[in-house]
Amino acid sequence: MEVLDIIKPENQVFCKSQLMTGNALSYCPGCGHGTANNLIMEVIDEMGISEDTIGVAPVGCSVLAYDFMNIDMTQAAHGRAPAVATAIVRTWPEKYVFTYQGDGDLAAIGTAETIHACNRGENMVIFFINNGIYGMTGGQMAPTTLEGMKSSTSPYGREIATMGSPLKITELIANLPGVYSVSRHALHTHKHVRKARIAIKQAFENTRLKKGLSFIEILSNCNSGWKMTPNEANEWMVENMFPYFPLGDIKVAGKLKV
Amino acid sequence: MSELKLMKGNEALAEAAIRAGVDAYFGYPITPQTEIIEYLMNERPENRTGMVVLQAESEVAAINMVYGAASTGKKALTSSSSPGISLKLEGISYLAGAELPAVIVNVVRGGPGLGTIQPSQADYFQSVKGGGHGDYKLYVLAPASVQEMADFVEDAFDIAFKYRAPVLILSDGLIGQMMEKVILKDQKPRWTDAELIEKNGDWAVTGKKGRERNIITSLDLQSEKMEARVHRLQKKYEQMEKEDLRFEKINCDDADYLVVAYGSSARISQKAVELARAKGIKLGLLRPITLFPFPQQELFELANQVKGILSVELNTGQMVEDVRLAVEHKVPVEHFGRTGGIIHTPEEIVAALEQKIINNGSFRHHKTRESSLL
Ligand SMILES: Cc1ncc(C[n+]2csc(CCOP(=O)(O)OP(=O)(O)O)c2C)c(N)n1
Ligand code: SF4
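Note that the structure is predicted; figures quoted are calculated from it, not measured.

## Things to note about the overall build of chain B
Scanning chain B for helices and strands turns up 15 helices and 15 strands. Against the 2.2 N^0.38 benchmark of 21 Å for 374 residues, chain B shows a C-alpha radius of gyration of 21 Å, consistent with a compact globule. Across its three principal axes, chain B shows a C-alpha extent of roughly 70 × 50 × 40 Å. A total of 374 residues make up chain B; the buried ones form 61% of that total. Long-range pairs, those at least 24 residues apart, make up 79% of the contacts in chain B with a sequence separation of at least 6. Carbon together with sulfur atoms contributes 50% to the accessible area of chain B, which is approximately 14,600 Å² in total. Averaging the locations of the 44 positively and 50 negatively charged side chains of chain B gives two centres separated by 1 Å.

Written out as structure tokens, the structure reads:
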């Protein structure tokens, strides 16, 4: 007997979203990207907005998101998703538009596009998958790489003096008046997955109500880039990333939480 | 109603864009084309037609906004000048790769680098030889008057949607800044969302209502698929050469000598043709209106008739390479250029013709930079 046969359907909390295409995920096993993709599709499905949603996934491990998300999608150049999404929102204001970006994408090459789309308060959702590293290109240093953390381009660990501090771009963005809601989540436990799901739903509700920009950071492991097993990576994330990037609401309904 | 007006080239283009039913303009200021966004902002086209106008944070953002709007099947326009176009090349390559229709205007100034704000044709190579990364070409329209600045917007969108490909309008600081009379066409309505879905619904991302999902991407990790995509693009370029080549011939029927020039150089060369003829030199002008596709066959045939060809350009010798390729060494081909924002006088062009072609009829493969620039 399979596990799923034992669980009554009404008690089943996590399953594969009907809006996932069923194509095999190109993400590494145990990586947070898969869960994040699935959650977003689950919420869009639940809200019944899949036929009015346009997703934008740029370069990074997420570039192939259109292989997995069964909705209309545009692939964007590295870092440019917020600009691409801006035009979609401006020319089709009644659509639900989201971007799905990594930290290299959103906080390095696309900093300008990110800050300005947020500052204009575009009516869309930005998903920011922060794994503290460049996953796709094989584990180079990202703006969010922690102090002392080793990567292929900081082989002795990130040094603040020469490489700068890990960038808290989410806190920076939260200060912009155009931004309506900002929160930070993680996907390493059921409890956290549920919390992230609630936030994702709220973000698309904000779009429906034309509240402006909703920004959701999701801390995720990159077991390949960090050179750990998925379990070790999740534990490392809790121990090392949470203190620097604390989870929770940062801005709610246009007001900063202090 | 169509209207007769006295306008700057840049303004005429902006007004024509509203009247052509363009859905969105995204841009960033740079001389000598800033009047385009200024005019649009001042006109409030959102009230006239619902057209969206947005000043982006950079040229990179502007071209990616064009990419976004084009992904959804809308008519999206951007404009810039040389250093800004260099920044847009990333997005232009993505537009070509993802097979998206869009119109980009380059009102060229002198370079390299920050260069000068004066007119130039130094971006010819960048425009017709790809420019951005990868195997792609742009359909390039070169206006030579304020009227063409206006007319080419609609033509460019027709081509862009016919081929699902980005189209470049290659102007320069002279055409952009000068004032001339222009006849503006009647206002065309923008496509309604229903019309757009009817026309572009098979590929555009508008939300998958009533159909399977659409995907816009330029990524093909499988080599066979990527090769097929590149071949598909090449087929479009071949079709453009067959169906949409444009050029103009002035006084060519009895010509002994030929000037080849486009845009503002062609305007000045037209006067040079008159001056030469008054002196008894039978000079003709071939003006490529599209720089890609290039009037190769026409040049090849004219080379059977004329004794020599002068390529007149505001650069140190770029289009002349394409003229030489087309002519296949049948007759001498020389280049006459000015740079730095200086434009030729018609008299200089006639003098260059006499010096480099008529009195120097020998077939020369090699020439010095000085003789090229006069
Ligand atoms: C203009 C440009 N520069 C560099 C790259 C190479 N590149 C691809 S993905 C990537 C980093 C992506 O990292 P991140 O956004 O953190 O996403 P992740 O892969 O970790 O999910 C880089 C540098 C590129 N594709 N385009
Ligand atoms: S490289 Fe890292 S971020 Fe990319 S799929 Fe693998 S684990 Fe996930």
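## Topic: the overall build of chain A
Scanning chain A for helices and strands turns up 11 helices and 10 strands. A globule of 258 residues ought to have a C-alpha radius of gyration of about 18 Å, and chain A, at 17 Å, matches this closely. If you line up chain A on its principal axes, its C-alpha atoms span 50 × 50 × 35 Å. In chain A, which comprises 258 residues, the proportion classed as buried is 56%. For chain A, the share of sequence-separated contacts (at least 6 apart) that also reach a separation of at least 24 residues comes to 68%. Within the structure as shown, chain A displays about 10,500 Å² of accessible surface, and the carbon and sulfur contribution to it stands at 55%. Distance between charge centres in chain A, computed from 22 positive and 24 negative side chains, equals 7 Å.

## Let's talk about the interface of chain A and chain B
Taken together, the contact pairs 37 residues of chain A with 37 residues of chain B. A combined buried area of about 2,900 Å² lies between chain A and chain B, and 58% of that area is made up of carbon and sulfur atoms. Inspection of the chain A/chain B interface yields four salt bridges. For Arg211(B), the salt bridge identified is with Asp72(A), shortest N-O distance 2.7 Å.

## Digging into the pattern of salt bridges
All names here are of chain B. A full pass over the atoms with the stated rule returns 39 salt bridges over all chains. Here Lys-249 ties to Glu-298 by a salt bridge, and the two come within 2.6 Å at their closest N and O atoms. Within this pair, whereas Lys-249 is found in strand S10 (residues 247–250), its partner Glu-298 is found in helix H12 (residues 296–302), the two being separated by 49 residues in sequence. Its salt-bridge partner being Lys-271, residue Glu-274 comes within 3.4 Å of it at the nearest N-O pair.

## Some points on the packing of helix H4 (residues 81–91) of chain A against helix H6 (residues 111–120) of chain A
All names here are of chain A. Close contact between H4 and H6 brings their axes to 8 Å; oriented N to C, the two are set at 30 degrees. Taken together, H4 and H6 sit at an angle that is classed as roughly parallel. For the pair formed by H4 and H6, the contact residues are Pro-82, Ala-83, Thr-86 and Arg-90 on the first element and Glu-113, Thr-114, Ala-117 and Arg-120 on the second.

## A closer look at the sheet that holds strand S9 (residues 215–216) of chain B
Sheet architecture is open: nine strands sit in the order S10(A)-S9(A)-S7(A)-S8(A)-S4(A)-S3(A)-S1(A)-S2(A)-S9(B), paired in mixed fashion. Lying at the two open borders of the sheet, with one neighbouring strand each, are strand S10 (255–256) of chain A together with S9 of chain B. Bridge analysis of strand S3 (residues 96–102) of chain A against strand S4 (residues 125–130) of chain A gives five bridges, and the strand direction is parallel. Bridging from a neighbouring strand, Gln101(A) pairs with Phe128(A) of S4(A). Here H6(A) sits on the sheet and contacts S3, S4, strand S7 (179–186) and strand S8 (213–219) of chain A; the angle it forms with S8(A), its principal contact strand, is near 140 degrees.

## Some remarks on the site of ligand 1
Residue and element names in this part refer to chain A. Close to ligand 1 lie 16 residues, the nearest being Cys-61, Gly-104, Asp-105, Gly-135 and Met-136. His-33 places a polar side-chain atom, nitrogen or oxygen, 2.9 Å from an oxygen atom of ligand 1. Met-136 places a main-chain nitrogen or oxygen 2.9 Å from an oxygen atom of ligand 1. The set of elements that each furnish at least two residues to the shell around ligand 1 consists of helix H5 (103–109) and strand S5 (133–134).

## Section: the packing of aromatic side chains
All names here are of chain A. Applying the stated rule across the entire model yields 10 aromatic pairs over all chains. With centroids separated by 4.9 Å and ring planes inclined at 55 degrees, the aromatic side chains of Trp-226 and Trp-236 adopt a geometry described as tilted. Linking Trp-226 in helix H10 (residues 223–226) with Trp-236 in helix H11 (residues 230–244), this pair joins segments that are 10 residues apart in sequence. With relative accessibility at 8%, the residue Trp-226 sits in the buried group. Look at Tyr-244 and Phe-245: their rings are 5.1 Å apart centre to centre, the planes differ by 85 degrees, and that puts the pair in the edge-to-face class. Judged by its relative accessible area of 26%, Tyr-244 falls in the partly exposed class. An aromatic cluster of three or more residues is present, and its members are Phe-98, Phe-127 and Phe-204. The side chain of Lys-168 reaches across the aromatic face of Tyr-244, ending 4.4 Å from its centre.

## Considering unusual backbone geometry
All names here are of chain B. In the segment running from Thr-31 into Pro-32, the intervening peptide bond is cis, with an omega of 5 degrees. Relative to the helices and strands, Pro-32 is located in the loop between strand S2 (24–27) and helix H2 (34–43). Even without a glycine there, the phi angle at Glu-99 is positive, about 55 degrees. Position of Glu-99 relative to the elements: it lies in the loop between helix H5 (82–97) and strand S5 (102–108). Phi is positive for Arg-164, which is not a glycine, with a value near 50 degrees.

## Some details on the sheet that holds strand S3 (residues 52–55) of chain B
Residue and element names in this part refer to chain B. Strand order in this open sheet of seven strands is S3-S2-S4-S5-S7-S6-S13, and the pairing throughout is mixed. Only two strands of the sheet have a single partner each, and these edge strands are S3 and strand S13 (290–292). In this sheet, adjacent strand axes meet at a mean angle of 20 degrees when their direction is disregarded. Direction of pairing for strand S6 (residues 139–141) relative to S13: antiparallel, over a ladder of two bridges. Bridged to Val-140 within S13 is Phe-292. Sitting on the sheet, helix H7 (residues 146–163) is in contact with strand S4 (76–80), S5, S6 and strand S7 (166–172), with an inclination near 160 degrees to S7.

## Details of the UniProt feature "domain: Thiamine pyrophosphate enzyme TPP-binding" (unreviewed entry) in chain A
The residues that UniProt annotates with the feature "domain: Thiamine pyrophosphate enzyme TPP-binding" (unreviewed entry) are residues 66–217 of chain A. End C-alpha to end C-alpha, residues 66–217 of chain A measures 20 Å, and it is 39% helix and 22% strand.

## With respect to the side chain of Gln101(A)
In this structure, Gln101(A) sits in strand S3. Leave out the neighbours within four places in its chain, and Gln101(A) touches Pro58(A), Gly79(A), Ala81(A), Pro82(A), Leu106(A), Thr114(A), Ile126(A), Phe127(A), Phe128(A) and Ile129(A).

## Let's talk about the side chain of Lys74(B)
The topology assignment puts Lys74(B) in the loop between helix H4 (59–71) and S4. Within the local environment of Lys74(B), its side chain forms a polar contact with the backbone oxygen of Thr91(A), the two atoms lying 3.2 Å apart. With residues near it in sequence (within four places) discarded, Lys74(B) still touches Thr91(A), Trp92(A), Asp23(B), Ala69(B), Phe161(B), Arg190(B), Asp193(B) and Leu196(B).

Reading the values: rules and limits
Residues numbered from 1 in each chain as written. Chains lettered and ligands numbered in written order. Predicted model: local features only at pLDDT ≥ 70, side-chain atom pairs only at ≥ 80, totals over all residues. Heavy atoms only, no water. Helix = DSSP H or I, 4+ residues; strand = E, 2+ residues; numbered from the N terminus. Rg over C-alpha atoms; globule rule 2.2 N^0.38 Å. Buried < 20%, exposed > 50% of the residue type's maximum accessible area, 1.4 Å probe, protein only. Contact = heavy atoms within 4.5 Å. Areas by Shrake-Rupley, 256 points an atom, 1.4 Å probe, with all protein chains shown as cover. Lys, Arg positive; Asp, Glu negative; His and termini not counted. Charge placed at Lys NZ, Arg CZ, Asp CG, Glu CD. Buried area = accessible area lost by both parts, 1.4 Å probe. Salt bridge = Lys/Arg side-chain N within 4 Å of Asp/Glu carboxyl O. Axes fitted to C-alpha atoms, helices over the stretch in contact; angles between N-to-C directions. Parallel < 35°, antiparallel > 145°, perpendicular 65-115°, else oblique. Pairing = 2+ DSSP bridges. Near = heavy atom within 4 Å. Polar contact = N/O pair within 3.5 Å; in protein donor to acceptor, adjacent residues only side chain to side chain. Phe/Tyr/Trp six-rings, centres within 6.5 Å; stacked < 30°, edge-to-face > 60°. Lys NZ or Arg CZ within 6 Å of the ring centre and 35° of its normal. UniProt positions renumbered as here; feature names shortened; annotations may be inferred.

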